[in-house]
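Per-entry structural report
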Amino acid sequence: MSGDREAVEKLHETYQTMKAEIGQVIVGQEQVVEQALMAIFCRGHALLVGVPGLAKTLLVSTLSRSLDLGFKRIQFTPDLMPADITGTDVLEVDPETGHRGFHFVHGPLFSNLVLADEINRTPPKTQAALLEAMQEQQVTVGDKSLPLPQPFFVLATQNPIEQEGTYPLPEAQLDRFLFNIVVDYPSGDEEREIIRRVTSPGSSEVQPRMNAEEIIRLQEVVKRVPVGDHVIDFAARLARATRPKEGEAPDFVREMVGWGAGPRAGISLVTAAKAHAVLRGRFHATTGDVAAVARPVLRHRVLTTFNAEAAGVTSDEIIDRLVKEVVPMEEIAV
């Protein structure tokens, strides 16, 4: 336990250094960076939703350099096939012996950090291959199942505006993402700083602050973070309150939510709350940590009705209201 506490303190210090270094390349977006790191330390995947030009690709590649992880970017297109991302067997001929044999050529999924750019632009067959990699940490080619390198994360991007020629992600696949991270426009001061940096000579180099072995060890530390029963109760009640057919659901949920979050949401709330606490140097998770991660965990799991959309009510507003109504029990002093 003392070793875990030391690891948490070290991670907190490293996180502050990483934020400062990433800030030399990425202006603002601190919450996005934090949520992406939380997903990584929870051994989860994240969906980044934002319009083009918000440096989502640069952010993910900068994260990979800071964590010293292998990085591959896949541009998803309507003609992308499963073999294009998993790899395929190629027939080779030995020039000396003339012997023929098949050799497997690894696809871009065989990396630690995979950026699935515009994931909703590829057909369901290819999305299914990605889903297997996300869920099972392996790919299947023919009659072989090949394990992926560890750690393995998918950070997928999606454009919320342009929906022509897209294949919307099914709810089953959306549920596999720990977080739905909204990448918003920068503030006025941040945008001026972005223009200043991009149009000036020189560039900042990000130094590795962690490696794959340390990340795997920290994932185990996060898993061991203690959680009180009242925190689990709060997460469970919050997830159940999003379901319009449950008795715990408030009246506004019955009216504005068509489909609520499944059991995986409660698990994700507690897991993400642990990582949220660890990044702040604490070795225990509270109901406040659960509330802090409620939006990214639930926003893609709470499907609003037509009435809500017509009234301009978003899933984020419903989640905020639920967090206030599902009053947590008094925190246990630690």
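Criteria and cut-off values
- Residues numbered from 1 in each chain as written.
- Predicted model: local features only at pLDDT ≥ 70, side-chain atom pairs only at ≥ 80, totals over all residues.
- Heavy atoms only, no water.
- Phe/Tyr/Trp six-rings, centres within 6.5 Å; stacked < 30°, edge-to-face > 60°.
- Lys NZ or Arg CZ within 6 Å of the ring centre and 35° of its normal.
- Axes fitted to C-alpha atoms, helices over the stretch in contact; angles between N-to-C directions.
- Helix = DSSP H or I, 4+ residues; strand = E, 2+ residues; numbered from the N terminus.
- Parallel < 35°, antiparallel > 145°, perpendicular 65-115°, else oblique.
- Left-handed = near helix turned anticlockwise from the far one by under 90°.
- Contact = heavy atoms within 4.5 Å.
- Nonpolar A, V, L, I, M, F, W, Y, C, P; charged D, E, K, R; others polar.
- Core = buried A, V, L, I, M, F, W, Y, C linked by side-chain atoms within 4.5 Å.
- Buried < 20%, exposed > 50% of the residue type's maximum accessible area, 1.4 Å probe, protein only.

For the rest of this paragraph, the subject is the packing of aromatic side chains. Within the structure shown, the criterion is met by 0 aromatic pairs. Positioned above the aromatic ring of F252, the side-chain terminus of R321 is 4.0 Å from the ring centre.

What follows is about the packing of helix α2 (residues 30-41) against helix α3 (residues 56-67). Running from N to C, α2 and α3 point in directions that differ by 55 degrees, and their axes come no closer than 11 Å. As summarised for this structure, α2 and α3 are arranged oblique, according to the angle between their axes. Handedness of the α2/α3 crossing: right-handed. The residues of α3 that touch α2, namely those facing V32, V33, A36, L37 and I40, are L59, L63 and L67. Within the contact of α2 with α3, the residues separate by chemical class into 8 nonpolar, no polar and no charged.

Time to look at the nonpolar core. One finds F41, F179, L238 and L298 to be the most contacted residues of the largest nonpolar core, which totals 76 residues. Among the elements that line this core, the one with the most residues is α2, at 8 residues. Residues contacting L238, with those up to four places away along its chain left out, are L269, V290, A294, L298, L322, V323 and V326. With 26 residues, the next largest nonpolar core counts I74, F76, V139 and L174 among its residues.

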